[in-house]
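Topology and contacts: notes
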Amino acid sequence: MEKPIQTLLAAIGSMLTAMGAEPAVPPTWAQVETDYTTTAYILNDPGNESVQNAISTLERCTAQGHPLAAILLLDVYEGKRRALTAQPEKAALLALNIATGELQLSPEHHQSTQARLESMYRYALYCEKGIGRKKSNKDAYEWMLKASNGGYGKARVELARYLIIGKGGHKNPRIALKLLKAQAATDASVPNLFFYLGYIYQNARPKPNHKMAFRFYTYGEHFNDARAINNLASMYEKGIGTDKDEHKALRLYKKAAQLGNKDASANMQRLAYIQAERGSDTPYGVRVDNAAMQVIESLPLPAHMRSVLSAPFKQHAEQNTHKL
């Protein structure tokens, strides 16, 4: 396995000393903080084209134990920053080194503990999906458990998912429910929290509890939990756990679609066309244009872009209506 970053830097320093060269003087923490802030600005600025050189600076800040630099470097290695190629092996190695403490983060920085827990969480996902290393559900479960025990909210929710589906050989919906409720009492804004709470009740055996599922999916709407909103829309559409209301279902599908949920986008298109077909008093062309505008409105795009895309359909629908 490749040596941890700090060990590698120490080896380079020893080599320079043996060659008679003076090792580089470690930068002060103020310098590290300034370098990180500048690099983060460069990487996050859409108008800045010079991003390649920022990586080496970010790696130096990470080697000095800056926790925010380490997390940003993980983003870079994952390919989350524009114009930069993903390097999954480096991402996995870095996350593991942080999680195990091989790469020591500054104990004075208030984000160090959080960064270490997030690295555990990310490494668990790498293990689960086989990103930068061999896939292993067992390792995924163990690292997710460590991050969850450390109080990391996202890890609690994902650990609950593992317990619901039996990931890593551990299946226990009751413990999953306790984890999710504990997280809801601590921080209810964690993604997918209310989706999984509703899912457990909706799929309870031997008898589903649709009323409780409906309640948690409704909570999810208030926190923009896209998957919970999609399921809430489905319950309104089918009249499960609540009165049937297709108009409310369509509105909720649209909201979830705009939050980026692909299932909701498909459901919204399907229901929009069904409702358009039922409008027998409206010309077919107008119904199709109206349905197309509904689909465009569901896209996760800025309002002005959706307006531009829907303009031709709106104009066409108005022209067909005036012909009546």
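In this text, all values refer to a predicted model and were calculated from it rather than measured experimentally. (Residues numbered from 1 in each chain as written. Predicted model: local features only at pLDDT ≥ 70, side-chain atom pairs only at ≥ 80, totals over all residues. Heavy atoms only, no water.)

1. Re the overall build of the protein chain
When its secondary structure is counted, the protein chain shows 16 helices and zero strands. Per-residue burial over the protein chain gives 44% buried out of 324 residues. The long-range share in the protein chain, meaning contacts at least 24 apart out of those at least 6 apart in sequence, stands at 50%. (Helix = DSSP H or I, 4+ residues; strand = E, 2+ residues; numbered from the N terminus. Buried < 20%, exposed > 50% of the residue type's maximum accessible area, 1.4 Å probe, protein only. Contact = heavy atoms within 4.5 Å.)

2. A closer look at the packing of aromatic side chains
Per the counting criterion, the structure on display carries nine aromatic pairs. Centroid distance Tyr 121 to Tyr 152: 5.6 Å. Interplanar angle 50°. Geometry classified as tilted. With Tyr 121 in helix α6 (residues 112-129) and Tyr 152 in the loop between α7 (137-149) and α8 (153-165), the pair connects residues that are 31 residues apart, well separated along the chain. Across this residue pair, the class does not change: Tyr 121 and Tyr 152 are buried. Note on Tyr 201 and Phe 216: the rings are 5.6 Å apart at their centroids and 15° apart in plane angle, and the pair reads as stacked. Of this pair, Tyr 201 sits in helix α10 (residues 193-202) while Phe 216 sits in helix α11 (residues 210-222); the two residues are 15 residues apart in sequence, bridging distant segments of the chain. Like Phe 216, Tyr 201 is buried. Put simply, the rings of Phe 194, Tyr 201, Phe 216, Tyr 219 and Phe 223 pair up and form one aromatic cluster. Just above the ring of Trp 143 sits the side chain of Lys 146; from NZ or CZ to the centre is 4.2 Å. (Phe/Tyr/Trp six-rings, centres within 6.5 Å; stacked < 30°, edge-to-face > 60°. Lys NZ or Arg CZ within 6 Å of the ring centre and 35° of its normal.)

3. Observations concerning the packing of helix α3 (residues 54-63) against helix α4 (residues 67-78)
Look at α3 against α4: their axes get within 8 Å of each other, and the N-to-C directions meet at 140°. As summarised for this structure, α3 and α4 are arranged oblique, according to the angle between their axes. Viewed along their axes, α3 and α4 form a crossing whose handedness is left-handed. In this structure, α3 contributes Ile 55, Leu 58, Glu 59, Cys 61 and Thr 62 to the contact, and α4 contributes Ala 69, Ala 70, Leu 72, Leu 73, Val 76 and Tyr 77. Grouping the constituent residues of the contact of α3 with α4 by class yields nine nonpolar, one polar and one charged. (Axes fitted to C-alpha atoms, helices over the stretch in contact; angles between N-to-C directions. Parallel < 35°, antiparallel > 145°, perpendicular 65-115°, else oblique. Left-handed = near helix turned anticlockwise from the far one by under 90°. Nonpolar A, V, L, I, M, F, W, Y, C, P; charged D, E, K, R; others polar.)

4. Structural notes on unusual backbone geometry
Across the junction of Arg 205 and Pro 206, the peptide omega takes the value 10°, indicating a cis bond. Inspection of the secondary structure assignment puts Pro 206 in the loop between α10 and α11. A positive phi angle is found at Asn 192, which is not glycine, with a value near 70°. Residue placement: Asn 192 occurs in the loop between α9 (173-186) and α10. Positive phi values are uncommon outside glycine, yet Asn 224 reaches one of about 55°. Here Asn 224 shows up in the loop between α11 and α12 (226-238). Overall, Asn 224 belongs to the partly exposed group, its relative accessible area being 45%.

5. Quick look at the nonpolar core
Counting 84 residues, the largest nonpolar core has Leu 43, Leu 58, Tyr 123, Trp 143, Met 144 and Leu 180 as its most contacted members. Tallying contributions element by element places α6 first for this core, with nine residues. Sequence-distant contacts of Tyr 123, that is, excluding residues within four places in its chain, are made with Ala 92, Ala 95, Leu 96, Arg 133 and Trp 143. (Core = buried A, V, L, I, M, F, W, Y, C linked by side-chain atoms within 4.5 Å.)

6. Quick look at the pattern of salt bridges
Within this structure, the stated rule accounts for twelve salt bridges. Residue Lys 167 pairs with Glu 128 through a salt bridge whose shortest N-O separation is 3.7 Å. Pair noted here: Lys 167 is in the loop between α8 and α9 and Glu 128 is in helix α6, with a separation of 39 residues, a long-range link. Like Glu 128, Lys 167 is buried. Between Lys 138 and Glu 142 there is a salt bridge, with the nearest N and O atoms lying 2.8 Å from each other. Here Lys 138 and its partner Glu 142 are both found in helix α7, four residues apart, which amounts to about one turn of the helix. Judged by its relative accessible area of 52%, Lys 138 falls in the exposed class. Put simply, Asp 75, Glu 78, Lys 80, Glu 118 and Arg 122 are held in one network by salt bridges that share partners. (Salt bridge = Lys/Arg side-chain N within 4 Å of Asp/Glu carboxyl O.)

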